[in-house]
Amino acid sequence: MSDDPQTLVSTEWLQKHLQDPDLRIIDASWYLPDMNRDGREEYARGHIPNARFFDIDEIADTRSALPHMAPPVEKFMSRLRAMGVGDGHQVVVYDGAGMFSAARVWWLFRLMGKTDIAVLDGGYPKWIAEGRETEDLPPVLKERHMTVQRQAHLVRDVTQVAAAAKLGDHTIIDARGPARFSGSEAEPREGLRAGHIPGSRNIYFRTLLNEDGTMRSLSEIEAVFKVAGADLTKPVITTCGSGVTAAILSLALERIGHRNHSLYDGSWAEWGQFDQLPIETG
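This structure is a prediction, so every number in the text was calculated from the model and none was measured.

Caption draft 1: Structural context of the pairing of strand E5 (residues 117-120). Pairing of strand E1 (residues 8-9) with E5, which is carried by two bridges, proceeds in the parallel orientation. For Val9, the partnering residue across the bridge sits in E5 and is Leu120. Summarising the sheet, strand E4 (residues 90-94) and E5 pair through three bridges and their orientation is parallel. Paired with Val92 across the two strands is Ala118, which belongs to E5. The parallel pair E4 and E5 is bridged by helix H4 (residues 102-111), and the resulting crossover is right-handed.

Caption draft 2: Molecular detail of the sheet that holds strand E3 (residues 51-53). Reading across from one edge, E1-E5-E4-E2-E3 is the order of the five strands in this open sheet, with parallel pairing throughout. The strands lining the two open edges of the sheet, one partner per strand, are E1 and E3. The sheet contact formed by strand E2 (residues 23-27) and E4 spans five bridges and is parallel. From the neighbouring strand, Ile25 faces E4, where its bridge partner is Val92. Across the sheet, H4 is in contact with E2, E4 and E5; its angle to E5 comes to roughly 175°.

Caption draft 3: Summary view of the packing of H4 against helix H9 (residues 246-255). Packing of H4 against H9 leaves a shortest axis separation of 8 Å and a crossing angle of 65°. Judged by the angle between their axes, H4 and H9 are roughly perpendicular. Note that H4 runs across H9; the crossing there is left-handed. When H4 is examined against H9, the residues Ala103, Arg104, Trp106, Trp107 and Arg110 are found in contact with a partner set consisting of Ala247, Ile248, Ser250, Leu251 and Glu254. Partitioning the contact of H4 with H9 into residue classes produces six nonpolar, one polar and three charged.

Caption draft 4: Main features of the pairing of strand E9 (residues 236-239). The alternating pattern of E9 places Val236 and Thr238 and Ile237 and Thr239 on opposite faces, both of which are buried. In this structure, strand E7 (residues 171-174) lies alongside E9, joined through four bridges in parallel fashion. Its bridge partner lying in E9, Ile172 is registered against Ile237. Note that E9 and strand E10 (residues 261-264) share three bridges and pair parallel. Paired with Ile237 across the two strands is Ser262, which belongs to E10. The parallel pair E9 and E10 is bridged by H9, and the resulting crossover is right-handed.

Caption draft 5: The side chain of Ser200, seen in detail. Here Ser200 is to be found in the loop between helix H7 (178-182) and strand E8 (201-202). Take Ser200: its relative accessible area is 8%, and that puts it in the buried class. Among the polar contacts made by the side chain of Ser200, one reaches the main-chain carbonyl oxygen of Ile197 at a distance of 2.6 Å. In contact with Ser200, other than residues within four places in its own chain, are Ile172 and Phe181.

Caption draft 6: Layout of the nonpolar core. Core analysis: the largest hydrophobic core is formed by 57 residues, its most contacted members being Phe54, Phe76, Trp107, Phe109 and Phe225. Among the elements of the structure, helix H3 (73-82), E4, H4, E5, helix H8 (218-227) and H9 are those that each provide at least two residues to this core. When neighbours within four sequence positions are excluded, Phe54 is seen to be in contact with Ile26, Asp27, Ala28, Ile59, Phe76, Leu80, Met83, Val105, Leu108 and Phe109. Val9, Leu14, Leu120 and Tyr124 belong to the second-largest nonpolar core, a separate cluster that totals 16 residues.

Caption draft 7: Structural context of the packing of H8 against H9. Two elements in contact, H8 and H9, have axes separated by 10 Å at closest approach and are oriented at 120°. It follows from the interaxial angle that H8 and H9 lie oblique. The handedness of the crossing between H8 and H9 is left-handed. Contacts between H8 and H9 involve Leu218, Ile221 and Phe225 from the first element and Leu249, Ala252, Leu253 and Arg255 from the second. Of the residues that constitute the contact of H8 with H9, the class distribution is six nonpolar, no polar and one charged.

Caption draft 8: Focus on the sheet that holds E10. Taking strand neighbours across the sheet as the criterion, the five strands line up as E6-E10-E9-E7-E8 in an open arrangement whose pairing is parallel. Only two strands of the sheet have a single neighbouring strand rather than two, namely strand E6 (155-156) and E8. Sheet strands touched by H9: E7, E9 and E10. Its angle to E9, the strand with the most contacts, is close to 145°.

Caption draft 9: Just the packing of aromatic side chains, in detail. Under the criterion given, the structure shown has seven aromatic pairs. Ring plane angle 80° and centroid distance 5.2 Å describe the contact between Phe76 and Phe109, whose orientation is recorded as edge-to-face. Taken together, the residues span a long stretch of sequence, with Phe76 in helix H3 and Phe109 in helix H4 at a distance of 33 residues. Neither residue differs from the other here; Phe76 and Phe109 are each classed as buried. Centre to centre, the rings of Tyr94 and Tyr124 are 5.7 Å apart; their planes meet at 20°, and the pair counts as stacked. Placement of Tyr94 in strand E4 and of Tyr124 in helix H5 (residues 123-129) is noted, with a sequence separation of 30 residues between them. For Tyr94, a relative accessible area of 0% translates into the label buried. Lying over the aromatic face of Trp127, Arg132 brings its terminal NZ or CZ to 5.6 Å of the ring centre. Between the NZ or CZ atom of Arg176 and the centre of the ring of Trp268, over which it lies, the distance is 4.6 Å.

Rules and cut-offs
- Residues numbered from 1 in each chain as written.
- Predicted model: local features only at pLDDT ≥ 70, side-chain atom pairs only at ≥ 80, totals over all residues.
- Heavy atoms only, no water.
- Pairing = 2+ DSSP bridges.
- Helix = DSSP H or I, 4+ residues; strand = E, 2+ residues; numbered from the N terminus.
- Right-handed = clockwise from strand over helix to strand, strands pointing away.
- Contact = heavy atoms within 4.5 Å.
- Axes fitted to C-alpha atoms, helices over the stretch in contact; angles between N-to-C directions.
- Parallel < 35°, antiparallel > 145°, perpendicular 65-115°, else oblique.
- Left-handed = near helix turned anticlockwise from the far one by under 90°.
- Nonpolar A, V, L, I, M, F, W, Y, C, P; charged D, E, K, R; others polar.
- Buried < 20%, exposed > 50% of the residue type's maximum accessible area, 1.4 Å probe, protein only.
- Polar contact = N/O pair within 3.5 Å; in protein donor to acceptor, adjacent residues only side chain to side chain.
- Core = buried A, V, L, I, M, F, W, Y, C linked by side-chain atoms within 4.5 Å.
- Phe/Tyr/Trp six-rings, centres within 6.5 Å; stacked < 30°, edge-to-face > 60°.
- Lys NZ or Arg CZ within 6 Å of the ring centre and 35° of its normal.

The following block contains the structure:
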């Protein structure tokens, strides 16, 4: 794998840069209720040295009824400053599942105009498997100034996605599992219809990953998109259950050089609840 501090770095790369004064490490572990895991609790038990914990549900727009929607700019800035993360920092984000929620935080940083951020390939499980150092104490935090320039083109709302689906001028790719995409399996969130956005393609996020949670090679990623019938000559909108694993698709697109992509933040948690929005099954 070729390390890229703006998309994906290896555990070897992180080990080598662990003492860099301007490196900031973020633990963004977050889990679905049925996974029966608690990210904050696991962070307290052990994490990569100097890692800060990023609470995806709290550093969010908590005024919205939808889960963990992107936070207002001011909230993002104030939370990150308090965490000692700011301008001039190279950020590496990881999670406890290998690659699950870390890409969401990578995308959030991108949305806020911060590009010096990479996901740790294979995450905490790979770090642990290789016998690398961990600690159970939080780092000493010193506030750091942060400026933010929101990149509105990286996010889409329900109106924009509905228009894109109707016009067919975007490729919409859904990261949920095939059974949820087809509608043959009920949604884990109550009150949601089963199925997918009309015309969307399905690329289950796990098909982009190796068994150890690392991302597949560039040629393999391209092949996955091709097999799914995803037309990359058009702008891409990524979606999933609630905007978390959609970011893995966004990261994969960025890795293969497809820059024209945005993420549907409300995802199926929003689309699935409104009867007036069309759905497809099968």
